[in-house]
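What follows is the residue order along each chain.
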Amino acid sequence: MQSSDIKVSLRKIPNPVGLVTAQHNEKRDVTTVAWISKVSNIPPLLMISISPERYIHDLIKQSGEFTLAILSEKQEELALYCGSKTGYDVDKFQEGRILTEKPFYIKAPLIQDAVVNLECRVLDLYTTGDHTLFIGEVLMAYGVKDDTRPLVMTDQITSLRL
Ligand SMILES: Cc1cc2nc3c(=O)[nH]c(=O)nc-3n(C[C@H](O)[C@H](O)[C@H](O)COP(=O)(O)O)c2cc1C
């Protein structure tokens with residue numbers, strides 16, 4: 001077997017593409033994520049890995065809450081938009097005319113037409129390498145569309161990462 005570039009090789013691990021939303025006081029943001037995973041059934045826990053450079057990072061840290069929407073195959077454009085703009089410069093919800101719905105337990109909005117939306121409370125966070133792992137307890141799940149396939153990370157999407 002031939003050795004290959006580590007960064008390129010890690011991109012071969014398939015990941016679903018999602019949007020994370022967070023709100024702290026009047027500040028809010030929505031950001032594309034792919035480094036996400038389930039980590040426990042009881043209690044239901046998931047993990048998102050967020051760079052401290054992202055605007056959304058401190059909103060999650062300060063509010064202790066976030067939502068994760070797993071996007072559908074039809075929402076690639078939305079994923080690229082939210083993954084190429086930053087909340088430091090624009091309100092992506094407004095500029096991108098992102099369709100949202102009211103959450104139940106937390107403040108950050110849900111994303112319309114996603115495969116699933118999950119409301120999460122931050123249970124733990126770990127700084128590891130150049131990212132922060134936020135462990136979220138899933139408080140509420142919405143709108144599982146069984147016939148809709150999730151958007152999966154491709155090389156084309158990867159090349160647009162900041
Ligand atoms: C497909 C895709 C997946 C991404 N996954 C992540 C991720 O898992 N974690 C992360 O910190 N940034 C990820 N990014 C980068 C952020 O979405 C991007 O830097 C965004 O502009 C940050 O916005 P913000 O500053 O408003 O938070 C991804 C970008 C794309 C396009």
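Residues numbered from 1 in each chain as written. Predicted model: local features only at pLDDT ≥ 70, side-chain atom pairs only at ≥ 80, totals over all residues. Heavy atoms only, no water.

**Overview of the sheet that holds strand E3 (residues 36-40)**
In spatial order, the strands read E2-E1-E5-E8-E9-E4-E3; together these 7 strands make up an open sheet with antiparallel pairing. Among the strands making up the open sheet, the edge pair consists of strand E2 (27-33) and E3. Within this sheet the neighbouring strands show an average axis-to-axis angle of 35°, counted without direction. Where E3 lies against strand E4 (residues 45-50), 4 bridges are found, and the strand directions are antiparallel. The residue of E4 that forms the bridge with Lys38 is Leu46. Sitting on the sheet, helix H2 (residues 55-63) is in contact with strand E1 (18-24), E2, E4, strand E5 (65-70), strand E8 (116-128) and strand E9 (131-142), with an inclination near 55° to E1. (Pairing = 2+ DSSP bridges. Helix = DSSP H or I, 4+ residues; strand = E, 2+ residues; numbered from the N terminus. Axes fitted to C-alpha atoms, helices over the stretch in contact; angles between N-to-C directions. Contact = heavy atoms within 4.5 Å.)

**Considerations on the pairing of E2**
Two strands pair when backbone bridges link them, and E1 and E2 are joined in this way by 7 bridges, in the antiparallel orientation. In the sheet register, Gly18 faces E2, and the bridge partner there is Val33. Counted between consecutive antiparallel strands, the loop separating E1 from E2 contains 2 residues, among which Asn25 sits at a positive phi close to 50°.

**Considering the pattern of salt bridges**
This model, assessed by the stated rule, comprises 4 salt bridges. The residue Lys92 makes a salt bridge to Asp29 at a minimum N-O spacing of 3.8 Å. Here Lys92, found in helix H4 (residues 92-95), pairs with Asp29, found in strand E2; they are 63 residues apart in sequence, far enough to count as distant. Judged by relative accessible area, which is 2%, Asp29 ranks as buried. Notably, a salt bridge pairs Lys85 with Glu95, separated by 3.3 Å at the nearest N-O pair. (Salt bridge = Lys/Arg side-chain N within 4 Å of Asp/Glu carboxyl O. Buried < 20%, exposed > 50% of the residue type's maximum accessible area, 1.4 Å probe, protein only.)

**Considering the packing of aromatic side chains**
Tallying each qualifying case throughout the model produces 2 aromatic pairs. An angle of 70° between the planes, with centres 4.9 Å apart, marks the rings of Tyr55 and Tyr88 as edge-to-face. In this pair, Tyr55 sits in helix H2 while Tyr88 sits in the loop between helix H3 (76-82) and H4, placing the two residues 33 residues apart along the sequence. What makes Tyr55 buried here is its relative accessible area of 19%. Its relative accessible area of 53% is what places Tyr88 among the exposed residues. With a centroid separation of 4.9 Å and 90° between ring planes, the pair formed by Phe104 and Tyr105 is classed as edge-to-face. Phe104 sits in the exposed class, given a relative accessible area of 57%. (Phe/Tyr/Trp six-rings, centres within 6.5 Å; stacked < 30°, edge-to-face > 60°.)

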